[in-house]
Amino acid sequence: MKSSTASLIVSIWCLFILFKVEGQGRPDTVKLRNNYNTLKNLLSTDSANLDLLLDLAQTSRKLSNADEALLYLNQIKDLDSLHLEARSLEAYVLRDQGELQKSFDLWLRVGEEINQLPNAERIHYDLALLAMKLERYEVGISSLEKAIALDDTKANYFLNLGVCRARSKRLKEGCSDWKRAHELGATQAEALIRKYCPVTCKELFTNCED
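No experiment lies behind these values; they were computed from the predicted model shown.

(A) Up close: the environment of histidine 83. With respect to the secondary-structure elements, histidine 83 resides in the loop between α4 (66-79) and α5 (84-96). Look at histidine 83 and you get buried, because its relative accessible area is 12%. As for histidine 83 and leucine 50, which are separated by 33 residues in sequence, their C-alpha atoms are 9.0 Å apart. Among all residues touching histidine 83, those that are not within four sequence positions of it are Leu50, Leu54 and Ile76. There is a polar contact of 3.1 Å between the side chain of histidine 83 and the backbone nitrogen of alanine 86.

This is the structure:
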């Protein structure tokens, strides 16, 4: 009996540890799910509330439920086809699903209106990365220049701008971008400068190849 009781206590203890660890490992998911349910309850009494629909779409995306996110975004589109934040979020959801060209095309249609969004800098950078994947380097250059206009202290912006310019046969400008990236602390810039920019290399480093 004692052995059986001891085994039961150990089993319960192990089960408690399992639940405790699982609970600690997913606090954000649980919080997001609770927030999602609250928003959905609110929407049931106010189905045309654009802010609620957008919050539900954003939360669905964070929960990796792209189909549901698109469902809410389509509802927004039915109410306001020019809703800027919804169109931007749709581009992100499409990108998450691997629909890179559709995402890219949607962001291009949003165009200069991106600057009206609170996260405009991030969107310009993400659009640039997407353009690079699609080998649309001129769009990448334009988007990175816009991101830099909003914050010229981020080394990655200049690093990727240099890549876009080099790919667009504008290597001299690319070397200048990599030099700026290096000055801002991008460690990857040195290898690019040493390989492609002999003049810049001699300005910054020793043992450069001719």
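Further notes follow.
(B) Representation of the state of the cysteines within the structure. Across all of its chains, the model carries two disulfides by this definition. Note that cysteine 175 is cross-linked by a disulfide to cysteine 197, the S-S spacing being 2.0 Å. With the S-S dihedral at roughly -85°, the linkage between cysteine 175 and cysteine 197 falls on the left-handed side. Here the residue cysteine 175 occupies a position in helix α10 (residues 171-183), and cysteine 197 occupies one in the loop between α11 (188-196) and α12 (198-204), the gap between them amounting to 22 residues. Cysteine 197 carries the same exposure label as cysteine 175, and that label is buried.

(C) Main features of helix α8 (residues 137-150). The end-to-end C-alpha separation of α8 is 20 Å, in line with the 20 Å expected for 14 residues at 1.5 Å each. Here α8 has its buried residues at Tyr137, Val139, Gly140, Ile141, Ser143, Leu144, Ala147 and Ile148. At its buried positions, α8 is contacted by α6 (100-110), α7 (120-133) and α9 (155-167).

(D) Geometry of the nonpolar core. Counting residues in hydrophobic clusters, the biggest one holds 24 residues, and the most contacted among them are Leu144, Leu159, Cys164, Ala181, Ala186, Ala189 and Ile193. Only α7, α8, α9, α10 and α11 provide two or more residues apiece to this core. The greatest single-element share of this core, amounting to six residues, is contributed by α9. Apart from residues no more than four positions distant in its own chain, cysteine 164 is found in contact with Met132, Tyr137, Gly140, Ile141 and Leu144. Ranked by size, the runner-up nonpolar core spans 18 residues in total, among them Leu52, Ala66, Ala69 and Leu70.

Cut-offs used in this document
- Residues numbered from 1 in each chain as written.
- Predicted model: local features only at pLDDT ≥ 70, side-chain atom pairs only at ≥ 80, totals over all residues.
- Heavy atoms only, no water.
- Helix = DSSP H or I, 4+ residues; strand = E, 2+ residues; numbered from the N terminus.
- Buried < 20%, exposed > 50% of the residue type's maximum accessible area, 1.4 Å probe, protein only.
- Contact = heavy atoms within 4.5 Å.
- Polar contact = N/O pair within 3.5 Å; in protein donor to acceptor, adjacent residues only side chain to side chain.
- Disulfide = S-S within 2.5 Å.
- Expected span 1.5 Å × (residues − 1).
- Core = buried A, V, L, I, M, F, W, Y, C linked by side-chain atoms within 4.5 Å.

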